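One-letter residues, chain by chain:
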Amino acid sequence: MPSFFSSKYQHLEAYTPGEQPRDKAYIKLNTNESPYPPAEGVLKAISTEAVNDLRLYSDPTCLATRKAIADRYGVEPENVFVSNGSDESLAFLFMGFTEPGAVFADITYGFYKVFGDLYGVDYKEIPLNDDFTLPLDAFCRAKGTAFIANPNAPTGLALTTAEIEKLLHSDPDRLVVVDEAYVDFGGETVVPLVKKYPNLAVVQTFSKSRSLAGARLGFTIASAEIIAGMDKLKYSTNPYNVNRLTLLAGKAAIEDEAYFEKTRNAIMEARAYTKAELEKRNFTVTDSKTNFLFAKTDKMDGGELYKMLKDKGILVRHFTAPKICQYNRITIGTMTEMQTFIAKIDECLGEREGTDHA
Ligand SMILES: *Cc1c(COP(=O)(O)O)cnc(C)c1O
């Protein structure tokens, strides 16, 4: 029997989502979700009426939600594209805006490479500097659409607005896509630069700072021309790309600025606590501007620490790429969860000492 799957996809290496094990209750610090529920208005928006309306298709223009996002960021609805998670925005940007090729860091969001392969893009990975900072000059010199996660994942490090502006300025004919999935935890957004630079597209998500990972909602802010191109791709693949309940949930979430401020501040406080506690125990911890920390210890191997923590009911994310395999990425949960995390770290370090001396 023939394989019915197209040969061009047979060797595609798909994205590996963080594990979601069901064997026991874990403290989940592995997929950068928010430890807090969505804003109160979200539950109210999912009314009986809204559920009954699920018999109808969703609004393909997503207008009410785009308007709410546009108001929040000081742009026009024609500058906003909403998508099924920001992954879908990124998919369209890779699909339709990479004719001159693409460049991205060797250590960054794993999906860029997957999309590059999926859409047959001629891409180049630029190695991060040894301290995990982004080699800005190499990006300025490179040809092709630049995809930059800012702050970057899993390193947590951020470029300043001035640095992004330098890249935009270096070649006005090159599109720069800035993926701001984590920007609300201490980074600087470049959304205000969209008016000045037609070669900028900013991608954001409701999955992290707005507690809606499971609703799947993201967006792109860019020139009306870029948004029109993304719309064309969407109407050629899935016109009703965002479902009714998610459109309502997203609108309610973005309208509750007070809750947004409260929860992101709580996460940044818990991050500061966790970073300080890890550093007291001689961990190396990057200067994270995100809702996770990237940390290593010379007392034990990164993979070994990951396994010990898992046995103790704490899930963190470990990557096997040689450059970063000594590190673990630790999502910031509630303060209570982070206190438990630190207590378990102490157990791991203690047990490790024990075996060393045995
Ligand atoms: C989480 C994440 C996304 C994707 O988020 P969605 O859930 O698809 O909105 C995009 N980019 C980066 C860097 C991320 O970490």
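Residues numbered from 1 in each chain as written. Predicted model: local features only at pLDDT ≥ 70, side-chain atom pairs only at ≥ 80, totals over all residues. Heavy atoms only, no water.

Enquirer: So what about the overall build of the chain? Which residues, and what values?
Expert: Scanning the chain from terminus to terminus reveals 13 helices and 12 strands. Over its C-alpha atoms the chain spans a radius of gyration of 21 Å, differing by no more than 12% from the 21 Å that the globule rule assigns to 358 residues. Taken along its principal axes, the extent of the C-alpha atoms in the chain is 65 × 55 × 50 Å. Here the chain holds 358 residues, and 51% of them are scored as buried. A fraction of 72% describes how many contacts in the chain between residues 6 or more apart in sequence connect residues 24 or more apart. As presented, the chain carries roughly 16,700 Å² of accessible surface, and 53% of it is formed by carbon and sulfur atoms. Taken as two groups, the 41 positive and 49 negative side-chain charges of the chain have centres that lie 2 Å from each other. (Helix = DSSP H or I, 4+ residues; strand = E, 2+ residues; numbered from the N terminus. Rg over C-alpha atoms; globule rule 2.2 N^0.38 Å. Buried < 20%, exposed > 50% of the residue type's maximum accessible area, 1.4 Å probe, protein only. Contact = heavy atoms within 4.5 Å. Areas by Shrake-Rupley, 256 points an atom, 1.4 Å probe, with all protein chains shown as cover. Lys, Arg positive; Asp, Glu negative; His and termini not counted. Charge placed at Lys NZ, Arg CZ, Asp CG, Glu CD.)

Enquirer: Go over the nonpolar core, please, and point to the residues and values.
Expert: Ranked by size, the top nonpolar core spans 52 residues in total, and within it Val82, Phe139 and Leu200 carry the most contacts. No other element matches helix 10 (residues 244-255), which puts five residues into this core. Counting residues domain by domain, this core receives three or more from each of domain 1 (12-37 + 258-357) and domain 2 (40-255). Counting residues in hydrophobic clusters, the runner-up holds 26 residues, among them Phe104, Phe111, Phe115 and Ile227. (Core = buried A, V, L, I, M, F, W, Y, C linked by side-chain atoms within 4.5 Å. Domains from an automatic or database assignment.)

Enquirer: Any chance you could break down the packing of aromatic side chains for me, citing the residues and the numbers?
Expert: Tallying each qualifying case throughout the model produces 22 aromatic pairs. Summarising the aromatic geometry, the rings of Phe104 and Tyr112 are spaced 5.9 Å apart at their centres and angled 65° between planes, so their arrangement reads as edge-to-face. Residue Phe104 shares its accessibility class with Tyr112, and that shared class is buried. Joined through ring pairs, the aromatic side chains of Tyr15, Phe94, Phe104, Tyr109, Phe111, Tyr112, Phe115, Tyr119, Tyr123 and Phe147 make up one cluster. Across the ring face of Tyr73, the terminal group of Arg72 is positioned such that the distance to the ring centre comes to 4.8 Å. The positively charged end of Lys234 is found above the aromatic ring belonging to Tyr235, 5.4 Å away from the centroid. (Phe/Tyr/Trp six-rings, centres within 6.5 Å; stacked < 30°, edge-to-face > 60°. Lys NZ or Arg CZ within 6 Å of the ring centre and 35° of its normal.)

Enquirer: Help me get a handle on the environment of Ser34, residues and values and all.
Expert: Structurally, Ser34 is set in the loop between strand 1 (27-28) and helix 2 (40-45). Relative accessible area serves as the criterion here: at 17%, Ser34 is assigned to the buried category. Along the primary structure Ser34 and Asp122 are separated by 88 residues, whereas in three dimensions their C-alpha atoms are 35 Å apart. Residues within four places of Ser34 in sequence aside, it is in contact with Ser207, Lys208, Ser211 and Ile267.

Enquirer: Residues and numbers for the site of the ligand, please.
Expert: Surrounding the ligand, one finds Gly85, Ser86, Asp87, Tyr109, Asp179, Ala181, Tyr182, Thr205, Ser207, Lys208 and Arg216. One of the side-chain N or O atoms of Asp179 is found 2.6 Å from a nitrogen atom in the ligand. Taking Arg216, its side chain carries an N or O atom lying 2.7 Å from an oxygen atom of the ligand. Here the ligand has 390 Å² of accessible area as a free molecule, and 93% of this is covered by the chains. (Near = heavy atom within 4 Å. Polar contact = N/O pair within 3.5 Å; in protein donor to acceptor, adjacent residues only side chain to side chain.)

Enquirer: Please set out the packing of helix 5 (residues 85-96) against helix 9 (residues 224-235) residue by residue, giving values where relevant.
Expert: Packing of helix 5 against helix 9 leaves a shortest axis separation of 10 Å and a crossing angle of 100°. As far as their axial angle goes, helix 9 and helix 5 are roughly perpendicular. The residues of helix 9 that touch helix 5, namely those facing Ser89, Phe92, Leu93, Met95 and Gly96, are Met230, Leu233 and Lys234. The class makeup of the residues in the contact of helix 5 with helix 9 is five nonpolar, two polar and one charged. (Axes fitted to C-alpha atoms, helices over the stretch in contact; angles between N-to-C directions. Parallel < 35°, antiparallel > 145°, perpendicular 65-115°, else oblique. Nonpolar A, V, L, I, M, F, W, Y, C, P; charged D, E, K, R; others polar.)

Enquirer: Can you explain the environment of Phe294? Please cite residues and give values.
Expert: Relative to the elements of secondary structure, Phe294 occurs in strand 10 (residues 292-296). Considering only alpha carbons, one finds Phe294 and Leu167, 127 residues apart in sequence, at a separation of 26 Å.

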